[in-house]
Amino acid sequence: MIYLPLLRPAAPGVLKRAFAAYTISSKQGAGVVLLSGTAYSGRYISTASPRSNSLTAAKSHQLTVEPHKQDKVVSSSETKSHISKEGAGDVAKQVRGDWVLFHPVYSPSELKAVQVLHRKAENFGDKAAYGLVKLARSIFDFVSGYKHVEGPPDANASLEELRKTGYMLSDKQWLSRILFLESIAGVPGMVAATLRHLQSLRLMVRDSGWIHTLLEEAENERMHLMTFMTLKQPSYFFRALVLGAQGVFYNLFFLCYLISPRICHRFVGYLEEEAVITYTRCIADLEAGRIPEWSTLAAPKIAIEYWRLHDNAKMLDVIYAVRSDETTHRFVNHSLANLNTFTDVNPFALREPDMHLKGGKVELTRDEADKYVTESDELFEKNKKHLKRDS
């Protein structure tokens, strides 16, 4: 059994939030919640239930599951200091994918549902955000020697020639590019979550679910970095570049988010559009055999645990999962940029859309977000009545 947040009916055209806890009959494969016979992606948010019974009591739950590793009683002879070199290794082995925040786990059809989409810039803020993203992309392509074009001028050129001229990247060049991008991509979510957290403390009001989604985004990008770090340890020079870029970007984004959160979310939305393009091209190169070093390379263990991949997963499976994550960030940030950041609830704190929606649609308008919240409320109310009939 899991507990999910419930949105009370909101006034027409206004996204207002209230939470209540309900026990939901669920199946936990790939983060799916079964609501009245229909499968929806659900958020694993635990909260206390005001009407507990023997089926939902914590004591009853503990009797049905094996104690967590941290809760098991061990003899004094088996106890190790977790801060010592000997004990620290044991703790590190236990800290795996299950310790991370909520994140989507995709079905095979969802992984293939991603489309390369672009949201047209409609106003000055949109154009400014998009222009900054294109400028940053151009500079990074120039520095890394990558030619971002549809195809090389000579279709008969060998792979080695294409790599030398910058039309194709080697496995090492792909890794360097991805590591740098992911080290920067984890900044916006953390900055935005920090500022909204501090605002909530200052004003002493609830945040309407934004903080959770932003923290999930930041951790998700960091897990991308941790995954690719298993394939390459960057040099000190590379780390220095990341340090400088991260320091500049963090402070600039911090100041910009104070001025206009909407433009910042639009900026991230456009940034994720470029990320989807990058990983789509990486997938195309990998499937065409243009990155032979990765063709049979096994997926890192951290990736298998994080995305719940099959045991014999390859790097191609990892890239597909990462691209789907970037598609989620594209959809979420463009949608958040359409909302009132001071009054509107985050619709994705209530129910996670599946990739068939996020992969084929670049955003939700504010009216669509309002409808999405209403549908979420109706689903929970319907399931609540269903549970009452069965009790």
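Residues numbered from 1 in each chain as written. Predicted model: local features only at pLDDT ≥ 70, side-chain atom pairs only at ≥ 80, totals over all residues. Heavy atoms only, no water.

This next bit is on the overall build of the protein chain. Helix and strand counts for the protein chain come out as 14 helices and four strands. Considering only contacts within the protein chain whose residues lie at least 6 apart along the sequence, 73% involve residues at least 24 apart. When the accessible surface of the protein chain is totalled, it reaches about 21,200 Å², and 59% of it is carbon and sulfur. (Helix = DSSP H or I, 4+ residues; strand = E, 2+ residues; numbered from the N terminus. Contact = heavy atoms within 4.5 Å. Areas by Shrake-Rupley, 256 points an atom, 1.4 Å probe, with all protein chains shown as cover.)

Our next topic: the packing of aromatic side chains. Enumeration according to the criterion identifies nine aromatic pairs in this entry. On the numbers, 5.8 Å between centres and 50° between planes, the contact of Phe-249 with Phe-253 is tilted. Here the residue Phe-249 and the residue Phe-253 both occupy positions in helix 9 (residues 236–259), the gap between them amounting to four residues, near one helical turn. Residue Phe-253 is classed as buried on the basis of its relative accessible area, which comes to 5%. Measuring from centroid to centroid gives 6.2 Å for Phe-249 and Phe-267, while their planes differ by 45°, and the two rings are tilted. Of this pair, Phe-249 sits in helix 9 while Phe-267 is found in helix 10 (residues 261–287), placing the two residues 18 residues apart along the sequence. Using a relative accessible area of 16% as the deciding quantity, one classes Phe-249 as buried. Counting every residue linked through ring pairs, the aromatic cluster contains Phe-249, Phe-253, Tyr-257 and Phe-267. Here the basic side chain of Arg-351 rests over the ring of Tyr-372, its NZ or CZ set 4.2 Å away from the ring centre. (Phe/Tyr/Trp six-rings, centres within 6.5 Å; stacked < 30°, edge-to-face > 60°. Buried < 20%, exposed > 50% of the residue type's maximum accessible area, 1.4 Å probe, protein only. Lys NZ or Arg CZ within 6 Å of the ring centre and 35° of its normal.)

The next subject is the nonpolar core. Formed by 58 residues in total, the largest nonpolar core has its most connected members in Phe-228, Phe-253, Trp-294, Trp-307, Leu-309, Val-318 and Ile-319. For this core, the elements supplying multiple residues, two or more each, are helix 4 (124–144), helix 6 (171–185), helix 7 (187–203), helix 8 (210–229), helix 9, helix 10, helix 11 (301–307) and helix 12 (315–336). Ranked by residues supplied to this core, first place goes to helix 10 with nine residues. Once residues within four sequence positions are removed from consideration, Ile-319 is found in contact with Phe-228, Tyr-279, Cys-282, Ile-283 and Trp-294. Trp-210, Val-332, Leu-339 and Phe-348 belong to the second largest nonpolar core, which has nine residues in total. (Core = buried A, V, L, I, M, F, W, Y, C linked by side-chain atoms within 4.5 Å.)

This part covers the state of the cysteines. Within the structure shown, the criterion is met by zero disulfides. Free of any disulfide, Cys-256 has its nearest cysteine sulfur in Cys-264, 5.2 Å distant. (Disulfide = S-S within 2.5 Å.)

Turning to the pattern of salt bridges, a few remarks are in order. On inspection of all chains with the given rule, the structure shows 17 salt bridges. As a salt-bridge pair, Asp-141 and Arg-177 come within 2.4 Å of each other at their nearest N and O atoms. With a gap of 36 residues between them, Asp-141 in helix 4 and Arg-177 in helix 6 connect regions that are remote in the sequence. Accessibility expressed as a relative area gives 8% for Asp-141, which makes it buried. Of the charged contacts, one joins Asp-285 and Arg-290 as a salt bridge, the two residues approaching to 3.0 Å between their closest N and O atoms. (Salt bridge = Lys/Arg side-chain N within 4 Å of Asp/Glu carboxyl O.)

Averaged over every residue, the pLDDT of the protein chain is 78; residues scoring 70 or more account for 72%. When mean pLDDT is compared element by element in the protein chain, helix 12 scores highest at 97, while strand 2 (residues 21–24) scores lowest at 33. Across residues 1–79, confidence stays below pLDDT 50; counting only partners more than four residues off in sequence or on other chains, it has 133 contacts. In this model residues 81–95 is a low-confidence stretch, pLDDT under 50, and it forms nine contacts with partners more than four residues away in sequence or in other chains. (pLDDT = per-residue confidence, 0-100.)

This next bit is on a nonpolar patch on the surface. A surface patch of nonpolar side chains, about 580 Å² in accessible area, is lined by Leu-132, Leu-135, Ile-139, Phe-142 and Val-143. Relative to the helices and strands, Leu-132 is located in helix 4. (Patch = residues over 30% accessible without salt bridge, like charges linked within 9 Å, V, L, I, M, F, W, Y side chains within 5 Å.)

A few words on unusual backbone geometry. The phi torsion at Met-204 lies on the positive side, around 60°, for a residue other than glycine. Along the polypeptide, Met-204 turns up in the loop between helix 7 and helix 8. For Met-204, a relative accessible area of 73% puts it in the exposed group.

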